[in-house]
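Tertiary structure, described
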Amino acid sequence: MKGLISLCHGLDLKVVVEGVETLDESENLKIQNVDYLQGYYFSKPMKKEDATLYIENDIKKD
């Protein structure tokens with residue numbers, strides 16, 4: 001996985017990992033410099049409107 005992440009970054013691509021289900025997976029992938037994580041650990045699938053609110057609320061936290 002590390003080599004693939006390196007290759008993508010070398011090509012100026014962002015790396016997205018889907019299917020993250022645990023804190024351990026999330027932390028391990030962050031250490032490997034993955035750009036974006038997605039999965040049940042963060043949220044179950046939701047409607048577009050709910051996802052928009054989720055993102056807007058997350059941005060306001062920063």
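Residues numbered from 1 in each chain as written. Predicted model: local features only at pLDDT ≥ 70, side-chain atom pairs only at ≥ 80, totals over all residues. Heavy atoms only, no water.

Digging into the packing of aromatic side chains
Tallied over the entire structure, the rule returns one aromatic pair. Here the aromatic rings of Tyr-41 and Phe-42 are separated by 5.0 Å at their centres, their planes lie at 80 degrees, and the arrangement is edge-to-face. Given a relative accessible area of 36%, Tyr-41 falls into the partly exposed group. A relative accessible area of 33% places Phe-42 in the partly exposed class. (Phe/Tyr/Trp six-rings, centres within 6.5 Å; stacked < 30°, edge-to-face > 60°. Buried < 20%, exposed > 50% of the residue type's maximum accessible area, 1.4 Å probe, protein only.)

Let's talk about the nonpolar core
Formed by Ile-5, Cys-8, Val-15, Val-17, Val-20, Leu-29 and Val-34, the largest nonpolar core amounts to seven residues. Beyond its immediate sequence surroundings of up to four residues, Cys-8 is in contact with Leu-13 and Val-15. (Core = buried A, V, L, I, M, F, W, Y, C linked by side-chain atoms within 4.5 Å. Contact = heavy atoms within 4.5 Å.)

So, a negative patch on the surface
There is a patch of like negative charges on the surface, built from Glu-21, Asp-24, Glu-25 and Glu-27. Mapped onto the elements, Glu-21 comes out in the loop between β1 (16-18) and α2 (23-31). On the accessibility criterion, Glu-21 (53% relative accessible area) is exposed. (Patch = residues over 30% accessible without salt bridge, like charges linked within 9 Å, V, L, I, M, F, W, Y side chains within 5 Å. Areas by Shrake-Rupley, 256 points an atom, 1.4 Å probe, with all protein chains shown as cover. Salt bridge = Lys/Arg side-chain N within 4 Å of Asp/Glu carboxyl O. Lys, Arg positive; Asp, Glu negative; His and termini not counted. Charge placed at Lys NZ, Arg CZ, Asp CG, Glu CD. Helix = DSSP H or I, 4+ residues; strand = E, 2+ residues; numbered from the N terminus.)

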